[in-house]
Amino acid sequence: MHEGQAKQREGFSSGMAVFFATLGSAVGLGNIWKFPYLVGENGGGAFLLVYFLCILFVGIPIMVSEFYIGRTTHKNAVGALKELRPGTSWKYIGLMGVCSSYLIMFFYSCVAGWVYYYLFKALKGDFVGITMATAKAQFANVVVGPLSPILWQVIVVGVVAAILAAGVKQGIERITKTLMPLLFLLIIICDIRALTLPGAAEGMQFLFHVDFSQLSAAAILTALGLAFFKLSLGMGTMMTYSSYFTDDNHMFNTAAKVAVSDTLVSLLAGIAIFPTVFSFGMEPGAGPGLLFMTIPLVFSQMPFGDILLVAFFFLTSIAATTAMLSLVEVPIAYMSEERGVSRKKAAIINALIIIIIGVLATLSVDKASLLGQYTILGRGFFDWFDYLSSNILLPAGGFFIALFAGYILKKQDLKYELSNHGTLKIDGLFNVFYFILKYLTPVLLLIVFLNSVGIIK
Ligand code: PFF
């Protein structure tokens, strides 16, 4: 029997391990890189409020549904849907998830490469005496490359493939459990410094002042897409991870704790970044470079800033790496369980696919990049991979998962599994969840989607 077969599947060893591994998938570049720059581009507080609502009414119910699907079947996303409704088309939702995971990895590996590169630069002391102008110039240099960003992207993908080839337990558990709390602590240190910079209040005002006149239909879709991206939803990652869950896991609790902790990390990252942006007179809507331009500046204002900056980029690269582990686990579990490919071979095949296509993203980030002039409908490869996955495929995947859990599965089956075969008292909670999942989540998803494509106003 080869290692990919269901009987020999490994799993997480305890409830804590489940929580940290799931959090390790959620917390990543989404919190530290994507969240702040999208909040910045979309006008601040009002966007943030919509984002919170998306997490509450769409994110958490879908996360619980994915947990159910993964843990009852102990299978990969495609296999799980096949087992629950054999002979139907539902398995294609799993396959769509495999596609989404590739699209995300193509650009995620590029940004993770920048983070590794920034760690290397921080170690070399490249940020000593940094000013706003040099911070911008350094970022532009890193992005345009062309060789170094590709090299770092290849390193990232190699690291991820190596960890995965070593197996679920040893690979994922050990790293996430120890280092997540440290990252949290370091961001708080960053916050304290950022909040005491001159002009910090303006940054906080930007982040928390709700002004709906700043909010467009496109921004609402972006907030929704960000909620999916952040919580790793709509593409089978949480189904795949929950297939390794222990049977006594309280899945409502896990979902709530992961959503709250993840949102907290994003907020703390925002609190580190926006006061700095305003204090140094930068543009909040500066785009994907926002993190890379501001963080070296905050640390330059602190005692032991050089060392702390190294620690920051080290921990951020760990967060990016653990999130990538969960992304690539979707196609690897699929290939090994549905297609009979060994995990090691699947890890290598996926690494090659990500590198070959991911390079296109890396070479198209900026107008000055090698492929920067090649655009389709105004977007380059990087932007297309991001837009298609976050704004289209993940919400679409989430919509179908909500329909599947709310209308196709039997209510009592859901309740039986979510209550750990009747051992947990979850009656009230379950009823609220089921109502939201059935009537609110799919309707909200549909409205946002139709609104953003201009069908309803
Ligand atoms: N949630 C991760 C982040 O915010 O960085 C990104 C991600 C990981 C998205 C895994 C999707 C996924 F399946």
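None of the values given here were measured: they were computed from a predicted structure. (Residues numbered from 1 in each chain as written. Predicted model: local features only at pLDDT ≥ 70, side-chain atom pairs only at ≥ 80, totals over all residues. Heavy atoms only, no water.)

## Regarding the overall build of the protein
A tally of helices and strands in the protein yields 18 helices and zero strands. The C-alpha radius of gyration of the protein comes to 21 Å, within 12% of the 23 Å expected for a compact globule of 457 residues. Here the C-alpha coordinates of the protein stretch approximately 60 × 50 × 45 Å along the principal axes. By the burial criterion, 59% of the 457 residues in the protein qualify as buried. Taking as baseline every contact in the protein between residues at least 6 positions apart, the subset at least 24 positions apart corresponds to 82%. When the accessible surface of the protein is totalled, it reaches about 17,500 Å², and 67% of it is carbon and sulfur. (Helix = DSSP H or I, 4+ residues; strand = E, 2+ residues; numbered from the N terminus. Rg over C-alpha atoms; globule rule 2.2 N^0.38 Å. Buried < 20%, exposed > 50% of the residue type's maximum accessible area, 1.4 Å probe, protein only. Contact = heavy atoms within 4.5 Å. Areas by Shrake-Rupley, 256 points an atom, 1.4 Å probe, with all protein chains shown as cover.)

## Quick notes on the site of the ligand
Close to the ligand lie 15 residues, the nearest being Gly30, Tyr108, Phe229, Lys230 and Thr237. With respect to the ligand, the backbone of alanine 26 contributes an N or O atom lying 3.0 Å from a nitrogen atom. Within the side chain of serine 232, an N or O atom sits 3.1 Å from a nitrogen atom of the ligand. In isolation the ligand exposes 340 Å². Once the protein is present, 100% of that is buried. When atom positions are compared with the pocket grids, the ligand is found to occupy the largest cavity. (Near = heavy atom within 4 Å. Polar contact = N/O pair within 3.5 Å; in protein donor to acceptor, adjacent residues only side chain to side chain. 1 Å grid on protein atoms, 1.4 Å probe; cavity = no way out; pocket = protein on both sides within 12 Å on 5 of 7 lines; lining within 4 Å. Sits in = over half its atoms within 2 Å of the grid points.)

## Brief notes about the pattern of salt bridges
Here the structure, examined in full by the defined rule, presents nine salt bridges. Note that lysine 121 and aspartate 126 form a salt bridge whose closest N and O atoms lie 3.2 Å from each other. Overall, lysine 121 belongs to the buried group, its relative accessible area being 9%. A salt bridge links aspartate 427 to lysine 415; the nearest nitrogen and oxygen atoms lie 3.2 Å apart. (Salt bridge = Lys/Arg side-chain N within 4 Å of Asp/Glu carboxyl O.)

## Some thoughts on the environment of leucine 182
By the element assignment, leucine 182 lies in helix H8 (residues 168-195). Sequence separation between leucine 182 and phenylalanine 312 is 130 residues, and the spatial gap between their C-alpha atoms is 9.4 Å.

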